[in-house]
Amino acid sequence: MEEPSPDEAIAFEAEQVVKELAFGVDSIEISSCLPRNRDVTYFNLLTKEREAYCVELSTRGYRVVGKAFDINEISPEASRYFETAYALMDCLSPVYRQSFGNALAHKLEEVKRQQDKGTDSGKEVETAMA
């Protein structure tokens, strides 16, 4: 996959965040109402707890700017920036945190099954060659 240009980096990251967080929220989408440019974009999310947020993504990080979709009503000084979308979600939604842990555990189990399957196949080959 090609790296996005600096002009597209924020928009690209927002699209990736929407995909990556979808499993742990009720809904998430890039705002079609708020302005976007190379330095900032906004997305709306609804947590599993049914809390709505409008989130700004900029070169400074992620921050909540509204407690409703498509609302940018919080002054820059009043809102904390988060380095990652995961840190933001960890702060906003305990259910997301639990969902993330469950998804991670499921992936690890999947990897272990794949490894065990590969180990079993190797034993079958050794037995057949003996």
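Remember, it's a predicted structure, so these values are computed and weren't measured experimentally.

With respect to the confidence of the model for the protein chain
And step 1. Overall, the predicted model of the protein chain reaches an average pLDDT of 85, with 83% of residues at or above 70.
And step 2. Looking across the protein chain, the model is least confident in helix α3 (residues 94–129), with a mean pLDDT of 73, and most confident in strand β1 (residues 27–30), with 97.

Considering the pairing of strand β4 (residues 61–66)
And step 1. With 6 of 6 residues buried, β4 is to be regarded as a mostly interior element.
And step 2. One ladder, built from 5 bridges, connects strand β3 (residues 52–58) with β4; its direction is antiparallel. Counted as the bridge partner of Val-55 is Val-64 from β4.
And step 3. Taking the residues between adjacent antiparallel strands as the criterion, β3 and β4 are bridged by 2 residues.

Some points on the nonpolar core
And step 1. Counting residues in hydrophobic clusters, the biggest one holds 20 residues, and the most contacted among them are Ile-28, Phe-43 and Tyr-62.
And step 2. Elements represented by at least two residues in this core include exactly α1 (9–21), β2 (40–46), β3, β4 and α2 (85–92).
And step 3. With 5 residues, the single largest contributor to this core is α1.
And step 4. Grouped together as the second largest cluster of nonpolar side chains are 5 residues, Val-40, Tyr-42, Cys-54 and Val-65 included.

Overview of the packing of aromatic side chains
And step 1. What the rule picks out here adds up to 2 aromatic pairs.
And step 2. Taken together, a centroid distance of 5.7 Å and an interplanar angle of 40° make the contact between Phe-23 and Tyr-96 tilted. Remark: Tyr-96 occurs in helix α3 and Phe-23 occurs in the loop between α1 and β1; sequence separation between them is 73 residues.
And step 3. On the basis of an interplanar angle of 75° and a centroid distance of 6.4 Å, the ring pair of Phe-43 and Tyr-62 is categorised as edge-to-face. With Phe-43 in strand β2 and Tyr-62 in strand β4, this residue pair connects regions lying 19 residues apart in the sequence.
And step 4. Look at Phe-43 and you get buried, because its relative accessible area is 1%.

Quick word on the packing of α1 against α2
And step 1. Viewed as axis vectors pointing N to C, α1 and α2 meet at an angle of 45°, and their least axial separation amounts to 11 Å. If you check the angle between α1 and α2, you find them oblique. When you trace α1 past α2, the crossing you get is right-handed. In this structure, α1 uses Val-17, Glu-20 and Leu-21 to contact α2, whose residues at the interface are Ala-85, Tyr-86 and Met-89.

Cut-offs and rules
Residues numbered from 1 in each chain as written. Predicted model: local features only at pLDDT ≥ 70, side-chain atom pairs only at ≥ 80, totals over all residues. Heavy atoms only, no water. pLDDT = per-residue confidence, 0-100. Helix = DSSP H or I, 4+ residues; strand = E, 2+ residues; numbered from the N terminus. Buried < 20%, exposed > 50% of the residue type's maximum accessible area, 1.4 Å probe, protein only. Pairing = 2+ DSSP bridges. Core = buried A, V, L, I, M, F, W, Y, C linked by side-chain atoms within 4.5 Å. Phe/Tyr/Trp six-rings, centres within 6.5 Å; stacked < 30°, edge-to-face > 60°. Axes fitted to C-alpha atoms, helices over the stretch in contact; angles between N-to-C directions. Parallel < 35°, antiparallel > 145°, perpendicular 65-115°, else oblique. Left-handed = near helix turned anticlockwise from the far one by under 90°. Contact = heavy atoms within 4.5 Å.

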